[in-house]
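Examination of the molecular architecture
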Amino acid sequence: MARGLETFLAAMAVGFVTGSPATADPLLRDFAVCTGRYSALVEHQWLVDGPASETSSGVRDNLWTLVEAVAGPRDASAAMGWRIEAKVAQKALLDRAYLANDLVAEKRSAQLLQACADLIGQS
């Protein structure tokens, strides 16, 4: 099975068992989504810019620490689902930007990552 399909199916499975995400803390969702976005960025940078992946992986790890600090036991599955969904979406943008030289995808990817950096005071 293709790696992307495995991730997508895992995200779908997590989505079915997470319960009601509407009750979760909005910051939890933001931190989880940003963790996913940075996870995709780190993997992309491994392929195209190895040294930059060190910085990005530190940001990703810090974001996940925030998720763990905010998430209660009931919210852990929802947080992982949000992380996986965001990672898949960010990976698609990065792939499209890099492989298809899509400037719109590149700009949107950068905007989403900047929003995450702004959330935690990174530049």
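A brief structural summary. Note that the structure is predicted; figures quoted are calculated from it, not measured. (Residues numbered from 1 in each chain as written. Predicted model: local features only at pLDDT ≥ 70, side-chain atom pairs only at ≥ 80, totals over all residues. Heavy atoms only, no water.)

Regarding the packing of helix 4 (residues 76-99) against helix 5 (residues 103-119)
Test applied: Comment: axis = line fitted to C-alpha atoms, over the contacting stretch for helices; angle = value between 0 and 180 degrees taken between N-to-C directions. Only DSSP runs of H or I covering at least 4 residues are called helices, and only runs of E covering at least 2 are called strands; the numbering of each starts at the N terminus. Angles are sorted into four bins: roughly parallel if under 35 degrees, roughly antiparallel if over 145, roughly perpendicular if 65 to 115, and oblique for all others. Handedness of a crossing is defined here by the sense of rotation of the near helix relative to the far one, left-handed for an anticlockwise turn of less than a right angle and right-handed for a clockwise turn. Note on definitions: a residue-residue contact is assigned when non-hydrogen atoms from the two residues lie within 4.5 Å. For this classification, Asp, Glu, Lys and Arg are treated as charged, while Ala, Val, Leu, Ile, Met, Phe, Trp, Tyr, Cys and Pro are nonpolar and the rest, including Gly, are polar.
Viewed as axis vectors pointing N to C, helix 4 and helix 5 meet at an angle of 140°, and their least axial separation amounts to 8 Å. The angle between the axes of helix 4 and helix 5 places the two elements in the oblique class. Between helix 4 and helix 5 lies a crossing whose hand is left-handed. From helix 4, Q90, L93, L94, R96 and A97 reach across to helix 5, where they touch A105, E106, R108, S109, L112 and L113. Class assignment of the residues belonging to the contact of helix 4 with helix 5 gives a composition of 6 nonpolar, 2 polar and 3 charged.

With respect to the packing of aromatic side chains
Where we set the bar: For Phe, Tyr and Trp, rings pair up if their centres lie within 6.5 Å, where Trp contributes its six-membered ring, and each pair is then called stacked (planes under 30 degrees apart), edge-to-face (over 60) or tilted (otherwise). Sitting over a ring, as applied to charges here, requires NZ of Lys or CZ of Arg to be within 6 Å of the ring centre and within 35 degrees of the ring normal.
Per the counting criterion, the structure on display carries 0 aromatic pairs. Over the aromatic face of W64 sits the side chain of R83, whose NZ or CZ is 4.6 Å from the ring centroid.

A look at the pattern of salt bridges
Pairing between side chains of opposite charge can happen when their charged atoms approach one another. To keep it simple, the criterion reads: Any Lys or Arg side-chain nitrogen found within 4 Å of a carboxyl oxygen on Asp or Glu counts as a salt bridge. Classification of residues uses two cut-offs on accessible area relative to the type maximum, computed with a 1.4 Å probe and protein chains only: under 20% is buried, over 50% is exposed, and between them is partly exposed.
Tallied over the entire structure, the rule returns 4 salt bridges. The partner of R60 in a salt bridge is D61, with the nearest N and O atoms 3.1 Å apart. Of the residues examined, D61 reaches a relative accessible area of 38% and is grouped as partly exposed. K91 is paired through a salt bridge with D95; the nearest N and O atoms lie 2.5 Å apart. Of the two residues, K91 and D95 are both situated in helix 4; the distance of 4 residues between them amounts to about one turn of the helix. Classification of K91 by relative accessible area gives partly exposed; the value is 41%. Owing to a relative accessible area of 25%, D95 belongs among the partly exposed residues under this scheme.

Comments concerning the packing of helix 2 (residues 26-48) against helix 4
Two numbers describe how helix 2 lies on helix 4: the axes approach to 7 Å, and their chain directions differ by 40°. If you check the angle between helix 2 and helix 4, you find them oblique. Both helix 2 and helix 4 take part in a crossing whose hand is right-handed. The residue inventory of the contact of helix 2 with helix 4, partitioned by class, reads 11 nonpolar, 5 polar and 6 charged.

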